[in-house]
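# Fold and geometry: a report
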Amino acid sequence: MNAIDFKQLRRLERKNALNRSSQLQHDDTTLTPVVNTNNEETANIKLDNETREQGTTSPVDPFPTLLFQDTLTEQYRIHPSLDSVYYVRNFLRDDTYSEVWNWLRSIPEYDCAGVDSSEKYGAGEKIKNGKQNEREESQRHHGRWTKLRHARRKVALFDGTLPHHPLPPILIRLSQTLTAIGAFSTPHNSPNHVLINEYQPEEGIMAHTDGPAYESCTATISLGGDVIFKLSPRRSHSSTCDYSFSDEIQTARPLEVVLHGSGSLIVFSNDAYLNHCHEIAENVFEETTGSDGICGNDLSGGTVVRRGYRVSLTFRCKKNA
């Protein structure tokens, strides 16, 4: 059972890219500075690979959080229409935010020098054996920033189910934190898979589901800029939820959630995970929340969200292969 169908997602993102009338120019090597609004200092977020720290704290104990009694209670459930969506604007403490941010700076870039073009991520790799090729591909890119060929953004994958590739201590500790607060149902379902996405201000991700390869729960921590996250009912069992191929009219408005880059946390599971697609609009620098009460954490609507550079850490529990 596969995870997100990234090949199909890339094909659709390539299609969208070809339809764009103009391309926004940006520097692929220098990242825009981000200010952590919960700290007094400005983080220099130009990623480098001079060092590779796996975290400086113990992986045994969960991080303390800003949650009351470190528990994800009913007060964080954001909308009655989807009772399995929780949002915490202030989740990470300042010291944890800084530690995570500094660790992100140490993640190295994937060096594709000397790699055959058919083996590069997103280049239409040759399939010898589906599962074997997928596993080898994951191992090559594990723990390294990898540029998505057609989506322009970079990702870093940490898959703790791969042999000899345990999660770094800081991600283990964050995973334990999410389990301890009740984001994941039991320790048996603790996150073992972390996907880190880097977004320039105008970048997003098209509507998709995370698929059946994971337990039906996703938790995402946001650092940097703010965005509007949307959850829409699925029309089919396609993991990419590509509405452009359907003649149906979408009648249900999406549930909007403003994800703040202050170390916020969103958790969605069960119905929200299985029967809804989630997305972040692409090619947008500024958005406004809806005015009809569909925004889970902005019920009055009309809030203007100006994008900035953002990094998200998405935690899931991958099922046994």
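It should be noted that the structure appears before, not after, this text.
Numbering of residues starts from 1 in every chain and runs along the sequence as written. Totals for whole chains, interfaces and linings use every residue, but because this is a predicted model, local features are given only for residues with pLDDT of at least 70 and side-chain atom pairs only at 80 or more, for both listing and counting. Each side-chain value is derived from all of the structure's non-hydrogen atoms; neither hydrogens nor water enter the calculation.

Only the contacting stretch of a helix is used when fitting its axis, a line to C-alpha atoms as for every element, and angles between N-to-C directions run 0 to 180 degrees. A run of H or I in DSSP becomes a helix once it reaches four residues, and a run of E becomes a strand once it reaches two; helices and strands are each numbered from the N terminus. One can describe the packing of helix α2 (residues 94–105) onto helix α4 (residues 169–180) by two numbers: an axis separation of 11 Å at closest approach and a directional angle of 140°. With respect to their mutual orientation, α2 and α4 come out oblique. Between α2 and α4 lies a crossing of left-handed hand. The segment α2 lies against α4, with E99, V100 and W103 engaging I170, L171 and L174. Its residues assigned to classes, the contact of α2 with α4 comprises 5 nonpolar, no polar and 1 charged. In these notes the angle categories are as follows: under 35 degrees is roughly parallel, over 145 is roughly antiparallel, 65 to 115 is roughly perpendicular, and the rest is oblique. Rotating anticlockwise by less than a right angle from the far helix to the near helix defines a left-handed crossing, while the corresponding clockwise rotation defines a right-handed one. Residues count as neighbours in contact if any of their non-hydrogen atoms are within 4.5 Å of one another. Residue type decides the class: Asp, Glu, Lys and Arg count as charged, Ala, Val, Leu, Ile, Met, Phe, Trp, Tyr, Cys and Pro as nonpolar, and the leftover types, Gly among them, as polar.

Here the focus is α2. Helix length check: α2 (12 residues) gives 17 Å between terminal C-alpha atoms against 16 Å at 1.5 Å per residue, within 8%. Of all the residues in α2, the buried ones are T96, Y97, S98, E99, V100, W101, W103 and L104. A helix's residues, less one, multiplied by 1.5 Å, set its expected span. Relative accessible area decides the class of each residue, using a 1.4 Å probe on protein chains only: under 20% of the type maximum gives buried, over 50% gives exposed, and in between gives partly exposed.

What follows deals with the packing of aromatic side chains. The relative placement of two aromatic rings is captured by the distance of their centres and the angle of their planes. Note on ring pairs: Phe, Tyr and Trp rings are taken, using the six-membered ring of Trp, and paired if centres are within 6.5 Å. Classes follow the plane angle, with under 30 degrees stacked, over 60 edge-to-face and the rest tilted. A complete count under the given rule lists 4 aromatic pairs for this structure. Seen from their ring centres, Y97 and W101 are 6.3 Å apart, and the 20° between their planes marks the pair as stacked. One end of the pair, Y97, and the other, W101, are both in helix α2, 4 residues apart, so they sit about a helical turn from each other. You can call Y97 buried: its relative accessible area is 2%. Grouping aromatic residues by their ring pairs yields a cluster made of F229, F268 and Y273. In this analysis the charged atom, NZ for Lys or CZ for Arg, is taken to sit over a ring once it is within 6 Å of the ring centre and within 35 degrees of the ring normal. Looking at R316, its charged tip hangs above the ring of Y214, at a distance of 4.5 Å from the centre.

Now for the environment of T209. The residue T209 is located in the loop between β8 (205–208) and β9 (217–224) in this model. Here the alpha-carbon distance between T209 and Y273, two residues 64 residues apart in the chain, equals 7.1 Å.

Moving on to the sheet that holds β8. Strands sit in the order β8-β13-β10-β11 across an open sheet of 4 strands; the sheet is antiparallel. One side of each edge strand has no neighbouring strand; the edge strands of this open sheet are β8 and β11 (255–259). The average undirected angle you get between the axes of adjacent strands in this sheet is 15°. A pair of strands is labelled paired if DSSP reports no fewer than 2 bridges between them. Examined bridge by bridge, strand β10 (residues 227–233) and β11 share 5 bridges and lie antiparallel to one another. Bridged to V227 within β11 is L259.

Turning our attention to the sheet that holds β9. Spatial ordering of the open sheet is given by β3-β4-β12-β9-β16-β7-β6-β5, a layout of 8 strands whose pairing is antiparallel. Since the sheet does not close on itself, it has two edges, and those belong to β3 (77–79) and β5 (146–147), each with one partner. Two elements, β9 and strand β12 (residues 262–269), share 7 bridges in a ladder whose sense is antiparallel. Note that in β12 the partner of T218 across the bridge is F268. Its contacts with the sheet put α2 on β6 (154–159), β7 (193–199), β9, β12 and β16 (310–316), and the angle it makes with β9 is roughly 85°.

Any carboxyl oxygen of Asp or Glu that lies within 4 Å of a side-chain nitrogen of Lys or Arg is treated as forming a salt bridge with it. For the structure shown, the criterion picks out 7 salt bridges. Here K154 ties to E109 by a salt bridge, and the two come within 2.7 Å at their closest N and O atoms. You can see K154 sitting in strand β6 and its partner E109 sitting in the loop between α2 and α3 (130–141), a full 45 residues away along the chain. A relative accessible area of 32% places E109 in the partly exposed class. Here R307 makes a salt bridge to E287, at a shortest N to O gap of 3.2 Å. A residue pair is termed long-range when its members are at least 10 positions apart, and R307 in the loop between β15 (304–306) and β16 and E287 in strand β14 (residues 286–288) qualify at 20 residues.

Burial runs high along β16: 7 of the 7 residues are buried. The alternating pattern of β16 places R310, S312, T314 and R316 on one face and V311, L313 and F315 on the opposite face, and all of these are buried. Examined bridge by bridge, β7 and β16 share 7 bridges and lie antiparallel to one another. By the bridge assignment, V194 is partnered in β16 with F315. Sheet analysis places β9 next to β16, joined by 6 bridges and oriented antiparallel. Bridging across to β16, G224 finds its partner in R310.

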